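Residues per chain, in single letters:
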Amino acid sequence: MQEESVQPQDFQGAPAEKALETLLAEAQAKLEEQREQMLRAVAEADNARKRAQIESANAQKYALERFAQGLLPVLDGLEAALKSADLSGIELVLRQLVSALDKASIREINPAPGERFDPHRHQAMAAVASTAEPNSIVSVMQKGYSIAERILRPALVTVAKAVEKPAANPISDIDLD
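Values in this document were obtained by computation on a predicted structure and should not be read as measured data.

### With respect to the overall build of the chain
Scanning the chain from N- to C-terminus turns up 3 helices and 6 strands. Ordering the α and β elements of the chain from the N terminus gives α-α-α-β-β-β-β-β-β. By the burial criterion, 13% of the 177 residues in the chain qualify as buried. Nonlocal contacts in the chain, meaning residues at least 24 apart in sequence, comprise 55% of its contacts between residues at least 6 apart. Just so you have it, the chain exposes about 14800 Å², and 57% of that area is on carbon and sulfur atoms.

Right, here's the structure in full:
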């Protein structure tokens, strides 16, 4: 009898190797797909950022376009009023200008005399002795303007200060309050 050398054959080795290769190929394909998705997402985000920058630049560039279009009739009216030297034409132009400012949400700050001084909306140019309440507005030198809640220019005003009484004799009974 002849001895046969029997070497154990791994019947499952070849299929296991193929299974591992298949799993590796699938994992690599999935990795490549996810990489492509990530690159597309990055490119899309970059494009969105660039679009937003362009839109922002255009918004800043043309922000005053509507306002300027509203002022053009005022300019035309002023030129015509200057040629004719007609006061009613100038009044018409003033109304057009006020209307254009109103459409742009620009509001007038014109405090009435006696109104309380507000340092956020008014700028005191002088303080005068007055019988009015101290820190109240006596007169308006120049109107102010605001857009929305932001002050473009404060109203220039004269403010009342308390009337100083002349120095009294500290020994005298006269002028006791």
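### So, unusual backbone geometry
You will see that asparagine 135, though not glycine, has its phi angle at about 65°, which is positive. With respect to the helices and strands, the residue asparagine 135 is situated in the loop between strand S2 (122-129) and strand S3 (137-142). Asparagine 135 gets classed as partly exposed once you look at its relative accessible area, which sits at 42%. The phi torsion at alanine 148 lies on the positive side, around 55°, for a residue other than glycine. As for its position among the elements, alanine 148 is in the loop between strand S4 (144-147) and strand S5 (150-153). Taking relative accessible area as the criterion, alanine 148 reaches 58% and is therefore assigned exposed.

### Let's talk about the nonpolar core
Nonpolar side chains in soluble globular proteins tend to end up buried together. The biggest cluster of nonpolar side chains holds 5 residues, and these are Ile109, Ile137, Ala155, Val157 and Val159. Residue contributions to this core peak at 3 residues, all from strand S6 (residues 155-161).

### A word on the sheet that holds S5
Spatial ordering of the open sheet is given by S1-S4-S5, a layout of 3 strands whose pairing is antiparallel. With partners counted over all chains shown, the strands left at the sheet margins are strand S1 (106-109) and S5, one partner each. The sheet shows a mean angle of 35° between the axes of neighbouring strands, direction not considered. Here S1 pairs with S4 via 4 bridges, running antiparallel. Paired with isoleucine 106 across the strands is isoleucine 147, a residue of S4.

### Regarding the layout of surface pockets
Approximately 260 Å³ is the volume attributed to the largest pocket. What lines the largest pocket is Ala63, Leu64, Arg66, Phe67, Gly70, Pro73, Val74, Gln96, Ser99, Ala100, Lys103 and Ala104. Broken down by secondary-structure element, the contributors of at least two residues to the lining of the largest pocket are helix H2 (65-84) and helix H3 (87-103). Of the residues forming the lining of the largest pocket, the biggest block, 5 residues, is contributed by H2.

### Quick look at a nonpolar patch on the surface
A surface patch of nonpolar side chains, amounting to about 270 Å² of accessible area, comprises Met38, Leu39 and Val42. Here methionine 38 shows up in helix H1 (residues 13-61).

### Let's talk about the sheet that holds S3
Here 3 strands make up an open sheet; going across it, the order is S2-S6-S3 and the pairing mixed. Strand pairing shows two members of the sheet lacking a second neighbour, S2 and S3, which therefore form its edges. Direction aside, neighbouring strands of the sheet carry axes that sit 25° apart on average. One ladder, built from 4 bridges, connects S3 with S6; its direction is antiparallel. Residue pairing across strands places isoleucine 137 opposite valine 159, the latter belonging to S6.

The rules behind the values
- Residues numbered from 1 in each chain as written.
- Predicted model: local features only at pLDDT ≥ 70, side-chain atom pairs only at ≥ 80, totals over all residues.
- Heavy atoms only, no water.
- Helix = DSSP H or I, 4+ residues; strand = E, 2+ residues; numbered from the N terminus.
- Buried < 20%, exposed > 50% of the residue type's maximum accessible area, 1.4 Å probe, protein only.
- Contact = heavy atoms within 4.5 Å.
- Areas by Shrake-Rupley, 256 points an atom, 1.4 Å probe, with all protein chains shown as cover.
- Core = buried A, V, L, I, M, F, W, Y, C linked by side-chain atoms within 4.5 Å.
- Pairing = 2+ DSSP bridges.
- Axes fitted to C-alpha atoms, helices over the stretch in contact; angles between N-to-C directions.
- 1 Å grid on protein atoms, 1.4 Å probe; cavity = no way out; pocket = protein on both sides within 12 Å on 5 of 7 lines; lining within 4 Å.
- Points joined across faces, edges and corners; volume = space filled by probe spheres on them.
- Patch = residues over 30% accessible without salt bridge, like charges linked within 9 Å, V, L, I, M, F, W, Y side chains within 5 Å.
- Salt bridge = Lys/Arg side-chain N within 4 Å of Asp/Glu carboxyl O.

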